[in-house]
Amino acid sequence: CLKVQYPGVADAIDSDLNSVLRLLTLTNFIKRDADVDTWLAEIRRLLHEEVDYLLEAEKTERFYALLKGHPILRVPKVYSQYTSKRLLVTSFEEGIAVSDVAAAEFSQAQRNLLGKTFLQLFLQEVFEWGTLQTDPNFGNYRIRKNAKGKPELVLLDFGSVMDYPASFLRPLQQVMMGAYRNDMPLLRQATIDLGVMKNEFPESVHKDFAALCCLLLEPF
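First, a word on what this report is: a plain description of the structure on this page.

**Observations concerning the overall build of the protein chain**
Point 1. A tally of helices and strands in the protein chain yields seven helices and seven strands.
Point 2. The N-to-C order of helical and strand elements in the protein chain reads β-α-α-α-β-β-α-β-β-β-β-α-α-α.
Point 3. Along the first, second and third principal axes, the C-alpha set of the protein chain runs to 60 × 45 × 35 Å.
Point 4. Put simply, the protein chain has 220 residues, and 33% of those count as buried.
Point 5. Restricting to contacts in the protein chain with at least 6 residues of sequence separation, those with at least 24 account for 63%.
Point 6. In the protein chain, the 25 positive side-chain charges and the 29 negative ones have mean positions that sit 4 Å from each other.

**A short note on the pattern of salt bridges**
Once their charged atoms are close, side chains differing in charge can pair, the charge on each being opposite to the other.
Point 1. Evaluation of the coordinates by the stated rule reveals twelve salt bridges.
Point 2. Residue glutamate 93 is joined to arginine 144 by a salt bridge in which the shortest nitrogen-to-oxygen separation is 3.0 Å. Separated by 51 residues along the polypeptide, glutamate 93 in the loop between β3 (87–89) and α4 (108–129) and arginine 144 in strand β5 (residues 141–145) bring together distant segments of the chain.
Point 3. Relative accessible area serves as the criterion here: at 16%, arginine 144 is assigned to the buried category.
Point 4. One salt-bridge network, held together by shared partners, links Glu42, Arg45, Glu49 and Lys59.

**Looking at the sheet that holds β5**
Point 1. With mixed pairing, the three strands of this open sheet are ordered in space as β2-β6-β5. Both outer strands of the open sheet, β2 (73–74) and β5, are each paired with one neighbouring strand and no more.
Point 2. Pairing geometry for β5 and strand β6 (residues 151–155), over five bridges, is antiparallel. Residue pairing for β6: lysine 145 is matched across the bridge by proline 151.
Point 3. The strands that α4 touches are β2, β5 and β6; relative to β6, the one it contacts most, it runs at about 35°.

**Focus on helix α7 (residues 203–217)**
Point 1. Helix length check: α7 (15 residues) gives 21 Å between terminal C-alpha atoms against 21 Å at 1.5 Å per residue, within 8%.
Point 2. Restricting attention to buried positions, one finds in α7 the residues His206, Ala210, Cys213, Cys214 and Leu217. Looking straight down α7, one finds that the buried residues subtend no more than 100° of arc, so they occupy a single side. Set apart from the buried face of α7 by more than 90 degrees, the exposed residues are Asp208, Leu215 and Leu216.

**Overview of the packing of helix α5 (residues 166–181) against α7**
Point 1. Contact geometry of α5 with α7 gives a least axis separation of 8 Å together with a crossing angle of 85°. Looking at the two axes, α5 sits roughly perpendicular to α7. Of the residues in α7, those touching α5 at Val175, Met176, Ala179 and Tyr180 are Cys213, Cys214 and Leu217.
Point 2. In terms of residue class, the contact of α5 with α7 is made up of seven nonpolar, no polar and no charged.

**A word on helix α1 (residues 9–26)**
Point 1. The first and last C-alpha atoms of α1 sit 25 Å apart over 18 residues, in line with the 26 Å expected at 1.5 Å per residue.
Point 2. At serine 15, α1 shows its largest bend, some 25°.
Point 3. Burial in α1 covers these residues: Ala10, Ile13, Leu17, Leu21 and Leu24.
Point 4. Asparagine 28 sits one or two residues past α1 and shows a positive phi near 60°.

**Some words on the pairing of β6**
Point 1. Summarising burial for β6: five of the five residues are buried, a large majority.
Point 2. Burial along β6 is two-sided: Pro151, Leu153 and Leu155 and Glu152 and Val154, pointing in opposite directions, are all buried.
Point 3. As defined by bridge partners, β2 adjoins β6 across two bridges and the pair is classed as parallel. Bridge pairing in β6 places arginine 74 opposite valine 154.

Rules used in this analysis
Residues numbered from 1 in each chain as written. Predicted model: local features only at pLDDT ≥ 70, side-chain atom pairs only at ≥ 80, totals over all residues. Heavy atoms only, no water. Helix = DSSP H or I, 4+ residues; strand = E, 2+ residues; numbered from the N terminus. Buried < 20%, exposed > 50% of the residue type's maximum accessible area, 1.4 Å probe, protein only. Contact = heavy atoms within 4.5 Å. Lys, Arg positive; Asp, Glu negative; His and termini not counted. Charge placed at Lys NZ, Arg CZ, Asp CG, Glu CD. Salt bridge = Lys/Arg side-chain N within 4 Å of Asp/Glu carboxyl O. Pairing = 2+ DSSP bridges. Axes fitted to C-alpha atoms, helices over the stretch in contact; angles between N-to-C directions. Expected span 1.5 Å × (residues − 1). Arc of directions from axis to C-beta. Parallel < 35°, antiparallel > 145°, perpendicular 65-115°, else oblique. Nonpolar A, V, L, I, M, F, W, Y, C, P; charged D, E, K, R; others polar. Bend = angle between axes of the 7 residues up to and from the residue.

Quick look at the structure:
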C-alpha cells in the first residue's frame, strides 16, 4: 500500500496558516495574544509532523510492536526500505469501512466485541502508554473477518499520534475516573488541573460541565 504525498502540501502549511490567522485577526474573530500564538505554534507543529512520512512510519511501527499478537487489532507492517519523507509503504490490509453496508453481515456479538476492543485500545492509550491517536475518525479504521470468521479491527493512519506528559495525562485520567464514579469533587478539581475549567467560573458552569463529562463517560 503506497501513501503518496501530494506535491507542495508540506510547503503550503506555513503560508496557509498565516493567511488564516490574518483573516481571523482582521475580522476580529480572535484577538492576537500569547495564547493564540501558542495555539498557532502547536497547530503548525502538528501539521508539519503529519506530512513527515518517516515520522508516521516510526509511529506506525511503534503501534505495530505494541499490538503484535493481539487477537483482534491489526496494524499494517511498514516497509522502511521503500519509505521516504513523502512516501509511506506498508502492507495492504483488507477490510471494509465501519459504515459499509456489508458491516450488517457482522453479528451483534461481533459488533459488541469490536466496540469493546476499540474502547480497550483507547483506555490503554490513556492509562498505560501515554500515546494517543488524536484523529480517531471512522476513515482510519477497517473491519474484516479472518479465515476463521472472527472479527478484526484494522488501524490506519498514525500521522497524528501524540505522546503526552504525566502533567496532562494525570488530570485527564482523573476526569475520566471522576465522571465514571460520579465523584464531583474529584471531577471538578481534575477539570481545573487539566486547564479546561477555572476555579472562578460560576458554580452552574462547573455543574453543567461535570454533567456533560458524566454523560460522555456513561457508556464505560
